[in-house]
Amino acid sequence: MKSSAIAHSNIALIKYWGRSQEHDPNLNIPLNDTVSMTKYGISDGIRLQTHTTIEFSSDFDEDTAIVEREKITGRHRERIIRVIDHLRALAKVDDKFKMMSHNDFPVQAGLASSASAFAALALATADALGLKFSREELSKIARLGSGSAARSIHGGFVYCHKGNSHETAFAEQICTEDCFDMNAVIAVVDLEKKEVTSDEGHQFANTSPFNNIRIQKSQQQASEMRRLILENKFDAVGQIAETNCLYMHSVMMTSQPALFYWQPATLNIIKKIQHLRKEGLPSYFTIDAGPNVHCLCQSKNTGELQKIIEKIEGVKRTILVRPGGDTILTNEHLF
Ligand code: PMV
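Definitions and limits used
Residues numbered from 1 in each chain as written. Predicted model: local features only at pLDDT ≥ 70, side-chain atom pairs only at ≥ 80, totals over all residues. Heavy atoms only, no water. Core = buried A, V, L, I, M, F, W, Y, C linked by side-chain atoms within 4.5 Å. Buried < 20%, exposed > 50% of the residue type's maximum accessible area, 1.4 Å probe, protein only. Helix = DSSP H or I, 4+ residues; strand = E, 2+ residues; numbered from the N terminus. Contact = heavy atoms within 4.5 Å. Disulfide = S-S within 2.5 Å. Near = heavy atom within 4 Å. Polar contact = N/O pair within 3.5 Å; in protein donor to acceptor, adjacent residues only side chain to side chain. Areas by Shrake-Rupley, 256 points an atom, 1.4 Å probe, with all protein chains shown as cover. Nonpolar A, V, L, I, M, F, W, Y, C, P; charged D, E, K, R; others polar. Pairing = 2+ DSSP bridges. Axes fitted to C-alpha atoms, helices over the stretch in contact; angles between N-to-C directions.

**Student:** Outline the nonpolar core, supporting the account with residue identities and numerical values.
**Tutor:** The biggest cluster of nonpolar side chains holds 31 residues, and the ones touching the most others in it are Ile54, Phe56, Ile80, Ile84, Phe97, Met99 and Leu121. Listing elements by their share of this core, those giving two or more residues are strand E1 (2-8), strand E4 (49-57), strand E5 (64-67), helix H1 (74-91), strand E7 (96-103), helix H2 (113-128) and helix H3 (135-143). By residue number, the principal contributor to this core is H2, which donates nine residues. Sequence-distant contacts of isoleucine 54, that is, excluding residues within four places in its chain, are made with Met1, Lys2, Ser3, Ile84, Phe97, Lys98, Met99, Leu121, Ala124, Thr125, Ala128 and Phe335. Grouped together as the second largest cluster of nonpolar side chains are 30 residues, Met37, Tyr159, Ala184 and Ile319 included.

In structure tokens:
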């Protein structure tokens with residue numbers, strides 16, 4: 001009854017912001033389809049992964065969740081329990097659990113820690129309870145923890161259907177990590193925990209008058225991007241990712257309360273990327289709910305781009321990323 005899994009975070013190329021109000025908010029049904037790249041970090045031991053171990057036993061008298069050696073309480077614990085309870089009910093098990101989790105990167109800092117965390121949790125828990133699922137089924141369970149986690153179940157490039165129920169909102173792979181040449185240089189501006197988490201921010205999306213148009217555009221962009229990835233069109237994919245990111249940040253900045261995730265250095269990076277493109281270095285930016293910038297490029301340009309990005313004022317460090325693989329089980333247990 002003990003299992004462990006490793007999952008990678010992902011960067012959304014077509015992003016979601018806001019959850020459907022027509023369904024139970026705990027289902028985390030996103031308002032639009034999304035597209036992402038699962039990330040494998042290739043800088044100084046940062047793989048951008050979560051390693052999770054879970055054990056169920058009739059000897060345990062309470063549920064315990066420990067992340068980075070700290071006992072988890074409050075909202076975060078509720079989300080963990082939601083995923084585990086769903087699986088306990090399917091397995092008809094009522095044993096208590098002990099769960100331990102370790103991220104090799106800072107959490108809640110716009111590097112998508114909830115994505116890898118809930119993907120690893122879904123797979124490890126299913127395995128510990130003796131349940132077998134397809135990856136699409138597993139993505140639905142990961143979504144109960146966080147919307148972006150559905151995508152991290154798959155490696156490579158991923159399409160997530162918003163659906164209109166628990167059964168129809170799932171992620172599927174577009175193609176594996178070798179099918180499309182895209183890397184990212186993450187420009188780290190700040191790794192402090194953010195003031196408004198994405199979990200909270202989703203609730204304000206619909207207060208922006210621009211969210212409906214963002215949803216409409218994102219639906220079109222998601223299917224177009226899937227086609228362009230399969231056709232190996234880097235520039236077109238990068239351009240759409242950049243535009244889609246700006247749609248999302250426009251909604252954030254015009255919601256109530258207005259959310260500004262950018263810092264001055266974020267804008268320095270945006271301007272540099274636009275300038276580099278003019279000079280003939282193809283690169284595009286995308287930014288999640290935080291100040292850090294993912295600078296998308298092809299593998300042949302990663303080294304050169306990293307050297308340039310590192311020198312921008314306000315950039316604390318860079319993390320290099322290539323497409324990562326599926327969420328997997330491991331025999332290495334954390335306890
Ligand atoms: O899955 P959550 O609740 O962490 O929300 C993710 C929100 C964004 O990262 C901003 C966009 C996305 O689609 O990943």
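**Student:** Describe the state of the cysteines, and please don't skip the residues or the numbers.
**Tutor:** Tallying each qualifying case throughout the model produces one disulfide. Paired through a disulfide, cysteine 175 and cysteine 179 show a sulfur-sulfur distance of 1.7 Å. With no disulfide of its own, cysteine 160 lies closest to cysteine 175 among cysteine sulfurs, the gap being 16 Å. Cysteine 160 gets classed as buried once you look at its relative accessible area, which sits at 3%.

**Student:** Residues and numbers for the site of the ligand, please.
**Tutor:** Not every one of the 14 residues close to the ligand is listed here, only the nearest: Tyr16, Ser114, Ser148, Arg151 and His202. Here glycine 147 contributes a backbone N or O atom positioned 3.3 Å from an oxygen atom of the ligand. At 2.9 Å, a side-chain N or O of histidine 202 approaches an oxygen atom of the ligand. Expressed as a share of its isolated accessible area of 380 Å², the protein-covered part of the ligand is 94%. Here the residues of the shell around the ligand sort into five nonpolar, six polar and three charged.

**Student:** Residue-level account of the sheet that holds E7, with values.
**Tutor:** Read from one edge of the open sheet, six strands run E6-E5-E7-E4-E1-E14, paired in mixed fashion. Every other strand in the sheet has two partners, leaving strand E6 (70-71) and strand E14 (328-330) as the edge strands with one partner each. Sheet analysis places E1 next to E14, joined by three bridges and oriented antiparallel. Bridging from a neighbouring strand, isoleucine 6 pairs with isoleucine 328 of E14. Seen against the sheet, H2 touches E1, E4, E7 and E14 and runs at an angle of roughly 35 degrees to E4.

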